[in-house]
Amino acid sequence: SAFCDPCSAIRVPRKYMQETKISIKNKQGEKLVGLRAVPDSNLEKYPTVLLVHGFGVTKEGYGMFDILSERLTENGMQVYRFDFSGSGESEGDYSETTLTKLKNDLEEIVKYVRNQAEVDLNKFGIVAQSLGTSTTIALTPEMKCLICLGAVSHPGDKLPIKFGENYHPDGISSRVRSNGTVTTVKPSFWQDFKNYDLVDSIKNISCPILFINGGADTDVSISEMQAYFDVVTGPKEKVLIEGLDHGMNPDRDKMCKVVVGWLNK
């Protein structure tokens, strides 16, 4: 999650998938580490979903992407997910990150996935969460569909609030997370947001888009999603799941059912 630190969810047995570690290089030559999960079936090509994580977290998404990956493969979909540079197992210094660097990483990831022989390009979509939605919309990739969980349309305005007194736009901003880790960013992180108008960018995405928000999300206002929704020109839907926070806790299976159901459509 981009703004909160949801607790890790309990893992369920992976009866339906085989998962392998993969890696690619970004434009800076840094290794980006990912996971590929394949359904326990033998197809030449699979419907494929790329999961895009949020700010300062990893490809596991505090357990959210672990569960979602399992649910998707149970339903016959192949799943890719990567740590952005400086996150998780990937190389790089996260304090150097910017929306532009995240976007460039995602561009290389999308390019890699598109080139895999087992990917059905007619059924290739993205599920992005929190700042991952900002990254995806900044890139505006040509996908068959897009799902935004806890969408963020004005990250340059919203993220400073979460840093509180440790927000220093001209110095080092730091944020201590609930698990004790510290995320730091440099002034370029804040300055780079000024290069983007994400609400304008989403107008260039014509594929069907589903927005999912938790009714108990106190970290990102639903108005962030609504700003996107109001200007989307293609097919669009929005779902508010009562009782769930920004990390889709305490019942992530509710979110998974909505995601799987919509992708199956």
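Report follows, based on the coordinates. Worth saying up front: this structure is predicted, and the values here are computed from it rather than measured.

### A few points about the environment of Glu 89
Summarising the element assignment, Glu 89 is placed in the loop between strand S4 (78-82) and helix H2 (99-114). Separated by 31 residues in sequence, Glu 89 and Thr 58 have C-alpha atoms that sit 8.4 Å apart. If we skip the residues at most four places from it in the chain, Glu 89 touches Lys 21, Val 33, Lys 59 and Asp 83.

### Quick look at the packing of aromatic side chains
Both the distance between ring centres and the angle between the ring planes are used here to describe each pair of aromatic rings. A complete count under the given rule lists 12 aromatic pairs for this structure. Seen in terms of ring centroids, Phe 82 and Tyr 112 are 6.2 Å apart; in terms of plane orientation they differ by 85 degrees. Their pairing is edge-to-face. Note that Phe 82 is positioned in strand S4 and Tyr 112 in helix H2, a separation of 30 residues in sequence. When its relative accessible area of 3% is taken as the criterion, Phe 82 is described as buried. Considering the side-chain rings of Tyr 167 and Trp 190, the 4.8 Å spacing of their centres and the 85 degrees angle between planes classify their relative orientation as edge-to-face. Of the two residues, Tyr 167 is situated in the loop between helix H4 (155-163) and strand S7 (173-176) and Trp 190 in helix H5 (residues 187-192); the sequence distance between them amounts to 23 residues. Note on Trp 190: relative accessible area 6%, which makes it buried.

### A closer look at the nonpolar core
Nonpolar side chains in soluble globular proteins tend to end up buried together. The biggest cluster of nonpolar side chains holds 45 residues, and the ones touching the most others in it are Leu 50 and Phe 211. For this core, the leading source of residues is H2, giving six residues. Filtering out sequence-adjacent residues up to four positions away, Phe 211 remains in contact with Cys 148, Ala 151, Ile 202, Met 225, Tyr 228, Phe 229, Val 232, Glu 237, Lys 238 and Val 239. Counting residues in hydrophobic clusters, the runner-up holds 26 residues, among them Ile 212, Met 255, Cys 256 and Val 260.

### Considering the environment of Ala 37
Inspection of the secondary structure puts Ala 37 in strand S2 (residues 31-39). Considered as a pair, Ala 37 and Met 17 are 20 residues apart in the sequence and their alpha carbons are 6.1 Å apart. When residues no more than four places from it in sequence are discounted, the contact partners of Ala 37 are Met 17, Gln 18, Glu 19, Ser 69, Thr 73, Met 77, Gln 78 and Val 79.

### Considering the state of the cysteines
Taken as a whole, this structure holds zero disulfides when the rule is applied. No disulfide involves Cys 145; its sulfur sits 6.5 Å from the nearest other cysteine sulfur, which is in Cys 207. Looking at the unpaired Cys 148, the closest cysteine sulfur is the one in Cys 207, lying at 9.0 Å.

### What to know about the pattern of salt bridges
Counted under the stated rule, the structure contains 17 salt bridges. For the salt bridge of Lys 27 with Glu 107, the shortest nitrogen-to-oxygen distance reads 2.9 Å. Taken together, the residues Lys 27 in the loop between strand S1 (17-25) and S2 and Glu 107 in helix H2 connect sequence positions 80 residues apart. A residue is classified by how much of its surface remains accessible, and Lys 27, at 45% relative accessible area, is partly exposed. On the accessibility criterion, Glu 107 (32% relative accessible area) is partly exposed. Notably, a salt bridge pairs Glu 74 with Arg 71, separated by 3.2 Å at the nearest N-O pair. Residue Glu 74 and its partner Arg 71 are located together in helix H1 (residues 64-74), separated by three residues, close to a single helical turn. Salt bridges sharing common partners tie together Lys 21, Lys 59, Glu 60, Asp 83 and Glu 89.

About the thresholds
Per chain, residue numbering runs from 1 following the sequence as it is written. Where totals are concerned, whole chains, interfaces and linings use all residues; where local detail is concerned, this predicted model gives features only for residues with pLDDT of at least 70, and gives and counts side-chain atom pairs only at 80 or more. As a rule here, side-chain values cover all heavy atoms of the structure and leave hydrogens and water aside. In this description a helix means any DSSP run of H or I spanning at least four residues, a strand means any run of E spanning at least two, and both kinds are numbered starting from the N terminus. Contact definition: two residues touch when any of their heavy atoms are within 4.5 Å. To pair, rings of Phe, Tyr and Trp, with the six-membered ring standing in for Trp, must have centres within 6.5 Å; the planes then decide the type, stacked if under 30 degrees apart, edge-to-face if over 60, and tilted in the middle. For the exposure calls, accessible area comes from a 1.4 Å probe over protein chains only, and a residue counts as buried if that area is under 20% of its type's maximum, exposed if over 50%, partly exposed in between. The term nonpolar core refers to a set of buried residues drawn from Ala, Val, Leu, Ile, Met, Phe, Trp, Tyr and Cys, joined through side-chain atoms within 4.5 Å. By definition, disulfides here are pairs of cysteine sulfur atoms that lie within 2.5 Å. Any carboxyl oxygen of Asp or Glu within 4 Å of a side-chain nitrogen of Lys or Arg constitutes a salt bridge here.

All quantities given are derived from atomic positions and should not be read as evidence of function.
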